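# Notes for the structure review
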Amino acid sequence: MIKNKSTYKTTILLIDDKPENLAVLVEYLESSDFEVVVSQSGESGLTRADYVRPDLILLDVMMPGIDGFETCRRLKKSKETSDIPVIFMTALTSIDDTVQGFKAGGVDYITKPVHLREALARIKTHVKICQLQNDLRQSEEQCRNLADAAFEGIVIIEGELIINANQALLDLFGYTIAELLGKSPIDFVAPKDREMVKNKVASKVEEPYETQCIRKDGTFFPVEVQARMFLYNGRERRASAIRDLTEKKRAEEEIKALKGILPFCSYCKKIRDDKGYWEQIEVYVHKYSDADISHSVCPDCAKQYFPDEYEEFFKSE
């Protein structure tokens, strides 16, 4: 059921086979600005919970048909109702009954006869806790969506182990998330750089640095790493952004090659590269710049080698 946010009230589902015995509680909750929905059996309560999606369920333990414990277990097995807090209402006070209720998924107990002010305080507390948990889940989901939308790889480390990574990082390294979780990030660094990276992680360095990493297929590639430390639930974590430098390094090599002195053969005009090999000029330029060569004839050569065509062309001009 879609709730109108502009007129929304916190909704309580009361499941009790004798709701008339709780008429005073219902009236008290409604006067406290709650909306109360009533079901008189476990079976109907499951159906009503799925439709109403209440903020909290007050559930009687002793009912004909399926009792409160079984009703709660079924609520917790359903994806649609598993996050709804359940408070048991019962005259049973033994430790075994209390433990059974918590095992079934309940968050609290209200003893019968119900003390109104105590019941209201417990209800408000668990509604607030549930709202905070939902807000946290939504915030985490938003952060996850933003991370997955990033072009750079992002990995989260707690202690010395990977606990999360975004899709860009998985694509960059060629792993699934299951293959990365619980692994040390040092395992994915080139052996020659491992001690350096290990020291930077241990010293909590946040300045960017370059290193070599290893993909799942065993290939090495250059990256830039920049990390930030943050606290989550009181625990220190490290978020590292991993940028692939393969294209940047290739471009730098091309610029370096093209900016140097190029030895030309005086006769055939081939160019000698930095490894001592002689290549045709068009091959060399394409290799180091990705430019394509289009052959043509300059005016001087046209006049020398094609005088008739040259004269005719320039007369028409």
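Located above this text is the structure these notes cover.
A brief structural summary. What you see is a predicted model; the values in this text were computed from it and never measured.

## Comments concerning the overall build of the chain
On a plain count of helices and strands, the chain comes out with twelve helices and twelve strands. Out of the 317 residues in the chain, the part that is buried amounts to 33%. Pairs at least 24 apart in sequence give 46% of the contacts found in the chain among residues at least 6 apart. Accessible surface computed for the chain: about 20100 Å², of which carbon and sulfur atoms make up 54%.

## Concerning the environment of Ala 302
Looking at the secondary structure, you find Ala 302 in helix H11 (residues 299-305). Take Ala 302: its relative accessible area is 15%, and that puts it in the buried class. Discounting residues that sit within four places of it in the chain, Ala 302 has contacts with Val 297, Pro 307 and Tyr 310.

## Let's talk about the pairing of strand S9 (residues 220-232)
In this sheet, S9 lies alongside strand S8 (residues 209-214) in antiparallel orientation, the contact comprising six bridges. Looking at S9, one finds that Cys 213 is bridged to Phe 221. Taken together, S8 and the strand that follows it, S9, pair antiparallel across an intervening segment of five residues, in which Gly 218 is found at a positive phi of about 90 degrees. Pairing of S9 with strand S10 (residues 235-244), which is carried by ten bridges, proceeds in the antiparallel orientation. Counterpart to Val 223 in the pairing with S10 is Asp 244. The turn joining S9 and S10, which pair antiparallel and follow one another in sequence, is formed by two residues; a positive phi near 55 degrees is taken by Asn 233.

## Thoughts on a negative patch on the surface
A contiguous patch of negative charge, built from Asp 308, Glu 309, Glu 311 and Glu 312, is present on the exposed surface. Topologically, Asp 308 is positioned in helix H12 (residues 307-316).

## A closer look at the packing of aromatic side chains
All chains considered together, the criterion is met by six aromatic pairs. Seen from their ring centres, Phe 69 and Phe 88 are 5.4 Å apart, and the 65 degrees between their planes marks the pair as edge-to-face. With Phe 69 in helix H3 (residues 68-77) and Phe 88 in strand S4 (residues 86-90), this residue pair connects regions lying 19 residues apart in the sequence. The two residues Phe 69 and Phe 88 agree in class, both being buried. An angle of 70 degrees between the planes, with centres 5.4 Å apart, marks the rings of Phe 173 and Phe 221 as edge-to-face. Of the two residues, Phe 173 sits in helix H6 (residues 167-173) while Phe 221 sits in strand S9, which places them 48 residues apart along the sequence. A relative accessible area of 1% places Phe 221 in the buried class. Taken together, the aromatic side chains of Phe 69, Phe 88, Phe 102 and Tyr 109 make up a single cluster linked through ring pairs. Lying across the ring of Tyr 209, Lys 200 places its NZ or CZ 5.0 Å from the centre. One residue, Arg 215, lies across the ring of Phe 221, its end atom 3.9 Å from the ring centre.

Rules used in this analysis
- Residues numbered from 1 in each chain as written.
- Predicted model: local features only at pLDDT ≥ 70, side-chain atom pairs only at ≥ 80, totals over all residues.
- Heavy atoms only, no water.
- Helix = DSSP H or I, 4+ residues; strand = E, 2+ residues; numbered from the N terminus.
- Buried < 20%, exposed > 50% of the residue type's maximum accessible area, 1.4 Å probe, protein only.
- Contact = heavy atoms within 4.5 Å.
- Areas by Shrake-Rupley, 256 points an atom, 1.4 Å probe, with all protein chains shown as cover.
- Pairing = 2+ DSSP bridges.
- Patch = residues over 30% accessible without salt bridge, like charges linked within 9 Å, V, L, I, M, F, W, Y side chains within 5 Å.
- Salt bridge = Lys/Arg side-chain N within 4 Å of Asp/Glu carboxyl O.
- Lys, Arg positive; Asp, Glu negative; His and termini not counted.
- Charge placed at Lys NZ, Arg CZ, Asp CG, Glu CD.
- Phe/Tyr/Trp six-rings, centres within 6.5 Å; stacked < 30°, edge-to-face > 60°.
- Lys NZ or Arg CZ within 6 Å of the ring centre and 35° of its normal.

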